[in-house]
Amino acid sequence: MDTEEMRRQLRTLTDRAEITDLMGRYLRSLDVGVFDEAWADAFHTEDVTAEMPIGTVHGRDALLAHVRQAMALFDRTVHMGTDLVVEVDGDRATARGAQLSTHVLADGSDDLFVSAGHVDNALVRTAAGWRIAASALRVVWTRGTPPRLPDSLLPALTA
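This report concerns the structure included in the present document. Everything numeric here is computed off the predicted structure, so don't read it as measured data. (Residues numbered from 1 in each chain as written. Predicted model: local features only at pLDDT ≥ 70, side-chain atom pairs only at ≥ 80, totals over all residues. Heavy atoms only, no water.)

### A short note on the overall build of the protein chain
Looking only at helices and strands, the protein chain has three helices and six strands in total. Here the C-alpha atoms of the protein chain give a radius of gyration of 17 Å, agreeing with the 15 Å that 2.2 N^0.38 yields for 159 residues. The C-alpha extent of the protein chain, read off along each of the three principal axes, is 60 × 25 × 25 Å. Sorting the 159 residues of the protein chain into buried and exposed places 37% on the buried side. Restricting the contact set of the protein chain to residue pairs at least 6 apart, pairs at least 24 apart contribute 56%. When the accessible surface of the protein chain is summed, it comes to about 9300 Å², and 54% of that surface belongs to carbon and sulfur atoms. Each charge class in the protein chain was averaged separately, 16 positive and 24 negative side chains, and the resulting centres sit 3 Å apart. (Helix = DSSP H or I, 4+ residues; strand = E, 2+ residues; numbered from the N terminus. Rg over C-alpha atoms; globule rule 2.2 N^0.38 Å. Buried < 20%, exposed > 50% of the residue type's maximum accessible area, 1.4 Å probe, protein only. Contact = heavy atoms within 4.5 Å. Areas by Shrake-Rupley, 256 points an atom, 1.4 Å probe, with all protein chains shown as cover. Lys, Arg positive; Asp, Glu negative; His and termini not counted. Charge placed at Lys NZ, Arg CZ, Asp CG, Glu CD.)

Put into structure tokens, the structure is as follows:
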């Protein structure tokens, strides 16, 4: 193996590790619950597109507002990702994995809502590091009481 091939392999391994770390930090951030501009900048490109079970949003500011509203429906959460497969192609990458999310409703009932599914992410390398450019969460099953969606989230169903 020549030096150039070793550099290429090292770069791919480093990229995969950085992306895996980004995705892990993203899931953990959902449970911490601090959704501000710094949060949005740390994980997403400015023109991000996110497909979620309650709709699709375009742009970092729209995603931030949507996540704030959606996560306010829960008192506590635990998001777990597994089986992450990262494929890197230069300054672009995909990360696909499974996600299990447990939510305690914030309506005072302490009811649980659990969802599981698959997440597909497209990432791009930026000057600040890897960022999510597009994501799609496809829920496969749920259990428990889903939250009652406020009117402010309902328009996302048709977006």
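What follows picks up the thread again.
### Topic: the packing of aromatic side chains
Under the criterion given, the structure shown has four aromatic pairs. For the pair Tyr26 and Phe43, a centre-to-centre distance of 5.5 Å together with 75 degrees between the ring planes defines the contact as edge-to-face. Taken as a pair, Tyr26 in helix α1 (residues 3-32) and Phe43 in helix α2 (residues 37-43) lie far apart in primary sequence, 17 residues in all. In this structure, Tyr26 and Phe43 share a single accessibility class: buried. Members of the aromatic cluster, each reached through a chain of ring pairs, are Tyr26, Phe35, Trp39 and Phe43. (Phe/Tyr/Trp six-rings, centres within 6.5 Å; stacked < 30°, edge-to-face > 60°.)

### So, the side chain of Asp15
With respect to the helices and strands, the residue Asp15 is situated in helix α1. In this structure Asp15 touches Val88, Gly90, Arg125 and Trp130, once residues within four positions along its chain are discounted.

### With respect to the pattern of salt bridges
Considering all chains together, one arrives at 13 salt bridges under this definition. Close ionic contact of Asp120 with Arg96 constitutes a salt bridge, the shortest N to O distance being 3.3 Å. Note that Asp120 is positioned in strand β5 (residues 112-126) and Arg96 in strand β4 (residues 92-105), a separation of 24 residues in sequence. Assessed through its relative accessible area of 30%, Asp120 is described here as partly exposed. (Salt bridge = Lys/Arg side-chain N within 4 Å of Asp/Glu carboxyl O.)

### Brief notes about the sheet that holds β5
Reading across the sheet, the six strands line up as β2-β1-β6-β5-β4-β3 and stay open at both edges, with mixed pairing between neighbours. Looking at the sheet topology across the chains shown, the edges are occupied by β2 (55-58) and β3 (74-89). Geometrically, the sheet is characterised by an average inter-axis angle of 15 degrees between neighbouring strands, direction not taken into account. Pairing between β5 and strand β6 (residues 129-144): 14 bridges, direction antiparallel. (Pairing = 2+ DSSP bridges. Axes fitted to C-alpha atoms, helices over the stretch in contact; angles between N-to-C directions.)

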